[in-house]
Amino acid sequence: MPHMLLIHEPIGQRATRNELEGRATYERMLRWRDDLRSRGLLLAAESLANQDKAVRVTVPAGKARIVDGPFAEAKEMVGGFFLVNVDTREEAIALAQQCPAAEWATVEVRALAPCYEQ
C-alpha cells in the first residue's frame, strides 16, 4: 500500500545552517533513502528546492492566475518526499518516526488514493 511521507519544514530553516551543516543533513537523508531502497520499501524520493522560485498556478473561471514565490502567507514549505510501499498505515507511521527530518520538520503520512475517495 503506497504512502507518501511529505516533509514540511519551517520557512527559512535551511538558511540557519552553514553549507557544511546543510550537506551533512542532506547526507543523512540520502543514507536513510538508501536504507529504504535496500529494504525494498522505496518507490521514489526527492528533495525540493526552496520555494523562492516556486510558482502557484490556479485557473478559476478559465483565467490563469500565477503567483511567484516566496509565499508570504506560508509558515512552512514542502521540502521533499518519500514514496514508500508498505503493508499498513502503521508501518508508514513507523517509517516517518525513523525519518531524520522528523527531528527538524514535520513528516506528514498520507496514503495514495483516487481523489474521489473520502
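Structural data are supplied above this passage.
Just so we're clear, the structure is a prediction, and the values are computed from it rather than from any experiment.

Visitor: Just give me the short version of the overall build of the chain, but keep the residues and values in it.
Guide: Across its full length, the chain holds 2 helices and 6 strands. Its helices and strands in sequence order give the chain the pattern β-α-β-β-β-β-α-β, from N to C terminus. With respect to the principal axes defined by its C-alpha atoms, the chain has extents near 45 × 45 × 20 Å. Residues counted as buried form 29% of the 118 residues belonging to the chain. For the chain, the exposed area adds up to about 8100 Å²; of that, 53% sits on carbon and sulfur atoms.

Visitor: Could you give me a rundown of helix α2 (residues 89-98), with the residues and numbers involved?
Guide: Residues of α2 that are buried include every one of Ala92, Leu95 and Ala96, and no others. Burial along α2 is one-sided: seen end-on, the buried residues are contained in an arc of 100 degrees. With respect to the buried face of α2, the exposed residues turned more than 90 degrees away are Glu90 and Gln97.

Visitor: Break down the packing of aromatic side chains for me, with residues and values.
Guide: Enumeration according to the criterion identifies 1 aromatic pair in this entry. The ring of Trp104 carries the charged tip of Arg17 above its face, separated from the ring centre by 5.2 Å.

Visitor: How would you explain the environment of Arg37 if you had to name every residue and give the values?
Guide: With respect to the element layout, Arg37 can be found in helix α1 (residues 19-38). A residue is classified by how much of its surface remains accessible, and Arg37, at 49% relative accessible area, is partly exposed. C-alpha separation for the pair Arg37 and Ala24, spaced 13 residues apart in sequence, amounts to 20 Å.

Visitor: An account of the sheet that holds strand β5 (residues 76-85) is needed here, citing residue identities and associated values.
Guide: Think of a sheet as strands paired side by side through backbone hydrogen bonds, with each pair either parallel or antiparallel. Pairing is antiparallel in the open sheet, where 4 strands are placed in the order β2-β5-β1-β6. Of all the strands in the sheet, the pair left with one neighbour each is β2 (42-47) and β6 (106-111). Taken over all neighbouring pairs, the strand axes of this sheet differ in orientation by 20 degrees on average, direction set aside. Direction of pairing for strand β1 (residues 2-10) relative to β5: antiparallel, over a ladder of 9 bridges. Each residue of the ladder has a partner; that of Leu5, found in β5, is Phe82.

Visitor: Just give me the short version of the nonpolar core, but keep the residues and values in it.
Guide: One finds Leu5, Leu36, Phe82, Val84, Leu95 and Cys99 to be the most contacted residues of the largest nonpolar core, which totals 18 residues. Looking at this core, the elements with two or more residues in it are β1, α1, β2, β5 and α2. Beyond its immediate sequence surroundings of up to four residues, Leu95 is in contact with Leu5, Trp32, Leu36, Arg39, Leu41, Val84 and Val86.

Visitor: Give me the lowdown on the side chain of Gln51, citing residues and values where you can.
Guide: When you line up the elements, Gln51 lands in the loop between β2 and β3 (55-58). Once you skip the residues sitting within four places of it in the chain, Gln51 turns out to touch Ile11, Gly69, Pro70, Phe71, Ala74 and Met77.

Visitor: For α1, give the residues involved together with the corresponding values.
Guide: The first and last C-alpha atoms of α1 sit 28 Å apart over 20 residues, in line with the 28 Å expected at 1.5 Å per residue. Of the positions making up α1, those classed as buried are Thr25, Met29, Leu30, Trp32 and Leu36. Summarising the axial view, the buried residues of α1 lie within an arc of 160 degrees, below the 170-degree limit, and thus occupy one face. Exposed and oriented more than 90 degrees from the buried face of α1 are Glu19, Leu20, Arg23, Arg31 and Ser38. For α1, the elements touching its buried residues are β1, β2, β5 and α2.

Conventions we followed
- Residues numbered from 1 in each chain as written.
- Predicted model: local features only at pLDDT ≥ 70, side-chain atom pairs only at ≥ 80, totals over all residues.
- Heavy atoms only, no water.
- Helix = DSSP H or I, 4+ residues; strand = E, 2+ residues; numbered from the N terminus.
- Buried < 20%, exposed > 50% of the residue type's maximum accessible area, 1.4 Å probe, protein only.
- Areas by Shrake-Rupley, 256 points an atom, 1.4 Å probe, with all protein chains shown as cover.
- Arc of directions from axis to C-beta.
- Phe/Tyr/Trp six-rings, centres within 6.5 Å; stacked < 30°, edge-to-face > 60°.
- Lys NZ or Arg CZ within 6 Å of the ring centre and 35° of its normal.
- Pairing = 2+ DSSP bridges.
- Axes fitted to C-alpha atoms, helices over the stretch in contact; angles between N-to-C directions.
- Core = buried A, V, L, I, M, F, W, Y, C linked by side-chain atoms within 4.5 Å.
- Contact = heavy atoms within 4.5 Å.
- Expected span 1.5 Å × (residues − 1).

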